[in-house]
Amino acid sequence: MAQARPVGVSVRAWQPPRRIDAIDFWLRSRLLASAHALREALRPSARRWHGDAHALADAPVLAQYRTPLWSDGRADEFPLVAGKVQNLRVARRAFDAIEVPAGEVLSFWRQLGRPSASRGFVQGRELRGGCVVPTLAGGLCQLSNALATVTLRAGLELVERHGHTARIEQAADAAGDAVDATVFWNYVDLKVRAKHAWRLEVELTSDELVLRIRARSPIAMPAVPMALRWASEEGASAALPLARGCLSCDQTACFRHRLLPAVAQQGRTAVLLDAWTPEFARYLAAHHTGADRMQPVPLRLAFWRAGPATGWHREAVADGAASIQSPWWASLRRTVWQRLWARHAGRRQGSLIDGQRWLALAFAARLKPEHTQLVIDQALLPHLQQLGAIDGRRVTVLASALPMAEIERRLDAAAQRWPGDATLRDFRADAALVQAEAAALARVAAVVTPHAEVATHLTAMAPRAALFRLDWVLPAARDIDAARDAPPLIVFAASALARKGARELAAALQDWPCRLRVLGSPSDDAQLWRGIGSVEHMHWRGDGLNGARVVVLPAHIEHAPRALLRALAAGVPVVASSACGLAGLPGVREVAAGDVEGLRAALKNACNADDGNNKNDEGAS
């Protein structure tokens, strides 16, 4: 059934577009664009402003405007809506955090530049001749409409503005003072000016475009509402007519007619992965079986050594999921770089962050506009935030670590207690990356983690996120030798590093007859274990639990307590700090990180309890 002609629209205006009219429009637009470019080259009317100024970052907000991202337009035109959001995602970086001096002009096109596919713009929607047509960089008018509206709300001056001839079907009516401001490269522009300096902030949440204007000066002029109106041929004022959509119009004979793309109307989910854990593997298998997956290539430079038997590359691809995408170059570059700096304590953490950034860049380039939901490994989250890849998308984070700001705070506190240990100053991230992580966590929709301590801190940093607390997955139990020898054997389940609590453990074991086994690398400090009778080192994958009376890890930072989980699976008591995130697991005695006396008491209680069990076993035999 054909669409009915709206009241007040002429028969000719509602006829299908003609190819000759499109050719005429193309020629005239190119001529006007060339003439405008020549004028701007000879006498520029505006400058391009950069978002590196922060003079007005804390200034009061004069005005704010919010507009929905996904609810406008017909449901069967979702591909064009997704393309629009992608174009807003790219354009946001040109406008966010810019500061315009007093009396200067902000030009939409001068600020954005020419939209092209090489910059990341895709096919969106454009209003042309009463139709919604697919076009490159289409949908930027939502940004220009919002900019014009927030400009008038803040009392700024609209130097140049042009209106549409039709409107897009929307689920909700626009605000009463919403301003219609169309743009078309490069001669149909939107220009703004103020008598005082002002700052523009642009944000894309999961479902809204938000614009804010900050300034220290009062509002210069009262805002005048400008409704979305259209003048009919008879001169009567009426609402703008609804535009026809190329993907939903019944005019199949039109030369612009396109078949409906095979894209789900609710979009798709993409899972962006870094490190493998059995907890997250179980969660993804249960909740995101049909999602597209992006993960690093499993590369091992020491290929002659036996590798782990687990990893994302060993997970089966679920039915309905697209092929797994693995960026080879980013994976190889990261592997080589991390291997190069693996033994440089002061640079090792920086190489890990570099590798995560390269991987995030590769993943962001592979995301498609129809990816409306992302499940992201926490290590990639701040880099994707800086790239703008999570703008306009619903984000679930697979959280395995404390926020970087909290990690640095804990290490600084430990460094004050042990000022001579340089390893406590190894982890320091760039301040911009720390801020990006905090901003990303504040907007995520869900947090998934098995780590109790991580869950506590991320709940505070992501107040709007739903928390999914996973159960730790215990490995298969292995037979170990019973702990009956004296003095008792205490196993330290980490390398001898201060952030793992090695200093506190050494102090707690002083003047106590015991044996110590370290599952990892020895300390650079030869005096660390002075006063302890017997100290040995073993690889954590070996038989390090044989003969253990108790396994201990009083760490300040611990995100992957796999050795402790192995001990619990084998039935060995565990003494661990709350930083290990094992709260609630049977067999775990928790102590506060840095509490030497509490650690000593917990170790003695664990050994005495085990001695009592051994005596009961001997009596029963």
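Throughout, a residue's number is its position along its own chain's written sequence, starting from 1. At least 70 in pLDDT is required for a residue's local features to be given in this predicted model, at least 80 for side-chain atom pairs to be given and counted, and no such filter applies to totals for whole chains, interfaces and linings, which use all residues. Side-chain descriptors were evaluated using all non-hydrogen atoms of the structure, hydrogens and water having been removed beforehand.

1. Re empty space enclosed by the protein
One water molecule sets the probe size; rolling that probe over the atoms shows where empty space is left.
(1) Moving on: Definitions used throughout: a 1 Å grid over protein atoms alone; a cavity as a set of points that fits a 1.4 Å probe which cannot get out; a pocket as an open set with protein on both sides within 12 Å along at least five of seven lines; a lining residue as one with an atom within 4 Å of a point. Grid points are joined across faces, edges and corners, and a volume is the space filled by probe spheres set on the points. Tallied over the full model, the rule gives 2 cavities of 30 Å³ or more.
(2) Moving on: A volume near 30 Å³ is recorded for the second largest cavity.
(3) Moving on: In terms of lining residues, the second largest cavity is bounded by T269, H288, Q373, L374, V375, R394, V395 and T396.
(4) Moving on: Among the secondary structure elements, those contributing two or more residues to the lining of the second largest cavity are β15 (371–377) and β16 (394–398). Only DSSP runs of H or I reaching four residues or more are called helices, and only runs of E reaching two or more are called strands; each is numbered from the N terminus.

2. A few points about the packing of helix α9 (residues 404–417) against helix α10 (residues 431–441)
(1) Moving on: Packing of α9 against α10 leaves a shortest axis separation of 8 Å and a crossing angle of 125°. Between α9 and α10, the interaxial angle falls into the category oblique. Where α9 abuts α10, its residues M404, A405 and E408 lie against L433, V434 and E437.
(2) Moving on: Here the nonpolar group is Ala, Val, Leu, Ile, Met, Phe, Trp, Tyr, Cys and Pro; Asp, Glu, Lys and Arg are the charged ones; every other residue, Gly included, is treated as polar. A class-by-class count of the residues in the contact of α9 with α10 yields 4 nonpolar, no polar and 2 charged. Note on definitions: angles span 0 to 180 degrees between N-to-C directions of axes, and those axes are lines fitted to C-alpha atoms, for helices only across the stretch in contact. Should an angle lie under 35 degrees it is considered roughly parallel, over 145 roughly antiparallel, and from 65 to 115 roughly perpendicular; all remaining angles are considered oblique. Working rule for contacts: check all heavy atoms of both residues, and any pair within 4.5 Å makes them a contact.

3. A short note on the environment of R212
(1) Moving on: Looking at where R212 falls in the secondary structure, it is placed in strand β9 (residues 208–214).
(2) Moving on: Placed 115 residues apart in sequence, R212 and A97 show a C-alpha to C-alpha distance of 9.7 Å.
(3) Moving on: Excluding residues that lie within four positions of it along the chain, R212 makes contacts with V61, A63, Q64, R199, L200, E201 and E203.
(4) Moving on: Any pair of nitrogen or oxygen atoms within 3.5 Å is treated as a polar contact; in protein, a donor-acceptor pairing is required on top of that, and neighbouring residues in sequence qualify only through side-chain atoms on both sides. Only 3.5 Å separates the side chain of R212 from the side chain of Q64, close enough to count as a polar contact.
(5) Moving on: A distance of 3.3 Å separates the side chain of R212 from the side chain of E203, its partner in a polar contact.

4. Section: unusual backbone geometry
(1) Moving on: For the peptide bond that leads from W185 to N186, omega is -10°, which places it in the cis range.
(2) Moving on: Structurally, N186 can be placed in the loop between β6 (157–160) and β7 (191–193).
(3) Moving on: With a phi close to 65°, A97 is a non-glycine residue in the positive phi region.
(4) Moving on: Tracing the sequence through the fold places A97 in the loop between α2 (78–95) and β2 (98–100).
(5) Moving on: Burial here depends on accessible area, computed with a 1.4 Å probe over protein chains only, as a share of the maximum for the residue type. Under 20% is buried, over 50% is exposed, and the range in between is partly exposed. Since its relative accessible area comes to 12%, A97 is described here as buried.
(6) Moving on: One non-glycine residue, D511, lies in the positive phi region at around 60°.
(7) Moving on: Here D511 lies in the loop between α12 (502–508) and β20 (515–519).

5. A look at the pattern of salt bridges
(1) Moving on: Here, a salt bridge means any side-chain nitrogen of Lys or Arg that lies within 4 Å of a carboxyl oxygen of Asp or Glu. Enumeration over the complete set of coordinates arrives at 27 salt bridges.
(2) Moving on: Where E201 meets R199, a salt bridge forms, and the shortest distance between an N and an O atom there is 3.1 Å.
(3) Moving on: Taking relative accessible area as the criterion, E201 reaches 11% and is therefore assigned buried.
(4) Moving on: Across the pair R334 and D274 runs a salt bridge, and its minimum N-O distance is 2.7 Å. With R334 in helix α6 (residues 328–340) and D274 in the loop between β13 (268–272) and α5 (278–287), this residue pair connects regions lying 60 residues apart in the sequence. Note on accessibility: R334 and D274 belong to one class, buried.
(5) Moving on: One salt-bridge network, held together by shared partners, links E99, R199, E201, E203, R212 and R214.

6. Focus: α2
(1) Moving on: The terminal C-alpha atoms of α2, which comprises 18 residues, lie 26 Å apart, in line with the 26 Å expected from a rise of 1.5 Å per residue.
(2) Moving on: With 17 of 18 residues buried, α2 lies mostly within the body of the structure.
(3) Moving on: Where α2 terminates, the next one or two residues include A97, which has phi positive at roughly 65°. Multiply 1.5 Å by the residue count of a helix minus one, and that product is the helix's expected span.

7. Let's talk about the sheet that holds β16
(1) Moving on: When DSSP finds at least two bridges between two strands, those strands are taken to pair. The strand order β14-β13-β15-β16-β17-β18 describes an open sheet built from 6 strands, whose pairing is parallel. Edge positions in the sheet fall to β14 (292–294) and β18 (466–469), since each has one partner strand and no second. Taken pair by pair, the neighbouring strands of this sheet meet at an average axis angle of 20°, ignoring direction.
(2) Moving on: In this structure, β13 lies alongside β14, joined through 3 bridges in parallel fashion. When the bridges of β14 are listed, L272 appears paired with M294.
(3) Moving on: Running at roughly 180° to β18, helix α11 (residues 452–461) makes contact with β17 (446–449) and β18 of the sheet.

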